[in-house]
Structure formats: C-alpha cells, structure tokens
Amino acid sequence: AAVRDDETGLVWEKTVETTEMSWTDARAVCADKNVGGRKGWRLPSISELSSLVDPSTRSGPTLPAGHPFTNVLMDVYWSATSVTDNPKNAWLVFFDTGKATFAFKTITFHVWCVRGTMPAGSTNVECEKERELFLSRRMGAGSDFYVSRR
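Worth saying up front: this structure is predicted, and the values here are computed from it rather than measured.

1. Focus: the nonpolar core
Argument step 1. Counting residues in each nonpolar core, the largest one holds 20 residues, and the members touching the most others are Trp12, Leu52, Phe69, Phe95 and Trp112.
Argument step 2. Where this core is concerned, the elements lending two or more residues are helix H2 (46-50), strand E3 (76-83), strand E4 (86-94) and strand E5 (100-104).
Argument step 3. When residues no more than four places from it in sequence are discounted, the contact partners of Trp112 are Trp12, Glu13, Val16, Pro44, Leu52, Leu63, Phe69, Val72, Tyr77 and Phe95.
Argument step 4. Of all hydrophobic cores here, the second largest spans 19 residues; its members include Cys30, Ala90, Phe94 and Val111.

This is the structure in structure tokens:
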C-alpha cells in the first residue's frame, strides 16, 4: 500500500522496510520495488524526506500525529542527496529527533522509498542551494553534524 501526500504530490510507502542497508543498496532496492503493482520508486531527496518530519512531535517517530505509516522506526533514513563537496557521503534524516546530517554511503541505515517527480534540475547529487535552504528552514544555521560510524 502507498500514501499520497497532498501537500507535495509525492507517494510514499505506507509500510516501511526495517532492514538497514548502504546508500547504493537502498537506491537499488527502491528502483526494484513494486508496491500495489506500481514500479517507479526511488530514494527521496533530503528536502522530500524532511517534508515528513513534524518538529513539534516529542515522542515516537517525528511524524505528524495520526500519520498513516507503519514500521517507521525512531532511527536514521537515507536520502538520495549526495553531499555536494564530498560525493562519498549522502544526507539522511533522524526520525527520532527530526534532524539531518550526512554519512559515508557505505554505512547502513534505513530506507523509505517514494514515487513522484524529483525537484526540477535535481539528480542524485542535488544543488548546494537546496541543501542550504533545507538546513535554514529545518534546523537553523550551523546545526548539521557528521556521522562517521554507528
């Protein structure tokens, strides 16, 4: 089953996989996914993934109250967004705090696939402007940090 976000137009997996994997494997799993007979899944950008976060949530995963998702863990999820000045790293979101950071793509984290159009001009390596906008809106300046190991 899938859930359509009316605000963004994106379609998200309703039941999230609980297996951790590397960034490369996460991209492959999403590309091969078939949910409700539909293909075309992908790893979300950092701004798309962070759009699910409700920063006012104080317990459980940082999702809005009454959200329809299942199996969402209070843990870390990959985005498709590579770090512009270091493509060996990618951005991710902590669903226990709602914060974002980046880590080596070889480390294993969770995956949440999405369907729909990626922002114009984006590829797996998104522009620095989007990252700066994301950070300023979600966390305030200077609040990102680096994860080197789990």
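Here the narrative resumes, following the displayed structure.
2. Observations concerning the side chain of Ser45
Argument step 1. Looking at where Ser45 falls in the secondary structure, it is placed in the loop between helix H1 (23-32) and H2.
Argument step 2. When its relative accessible area of 0% is taken as the criterion, Ser45 is described as buried.
Argument step 3. Polar contacts involving the side chain of Ser45 include one to the side chain of Ser47, which spans 3.2 Å.

3. Points about the sheet that holds strand E6 (residues 114-115)
Consider a sheet: its strands pair through backbone hydrogen bonds, and that pairing is either parallel or antiparallel.
Argument step 1. Sheet architecture is open: three strands sit in the order E1-E2-E6, paired in antiparallel fashion. The sheet terminates laterally at strand E1 (2-4) and E6, the two strands that pair on one side only.
Argument step 2. Of the pairings in the sheet, the one linking E1 to strand E2 (residues 11-13) comprises three bridges and is antiparallel in character. Within E2, the residue paired with Val3 across the bridge is Trp12.

Criteria and cut-off values
Residues numbered from 1 in each chain as written. Predicted model: local features only at pLDDT ≥ 70, side-chain atom pairs only at ≥ 80, totals over all residues. Heavy atoms only, no water. Core = buried A, V, L, I, M, F, W, Y, C linked by side-chain atoms within 4.5 Å. Buried < 20%, exposed > 50% of the residue type's maximum accessible area, 1.4 Å probe, protein only. Helix = DSSP H or I, 4+ residues; strand = E, 2+ residues; numbered from the N terminus. Contact = heavy atoms within 4.5 Å. Polar contact = N/O pair within 3.5 Å; in protein donor to acceptor, adjacent residues only side chain to side chain. Pairing = 2+ DSSP bridges.

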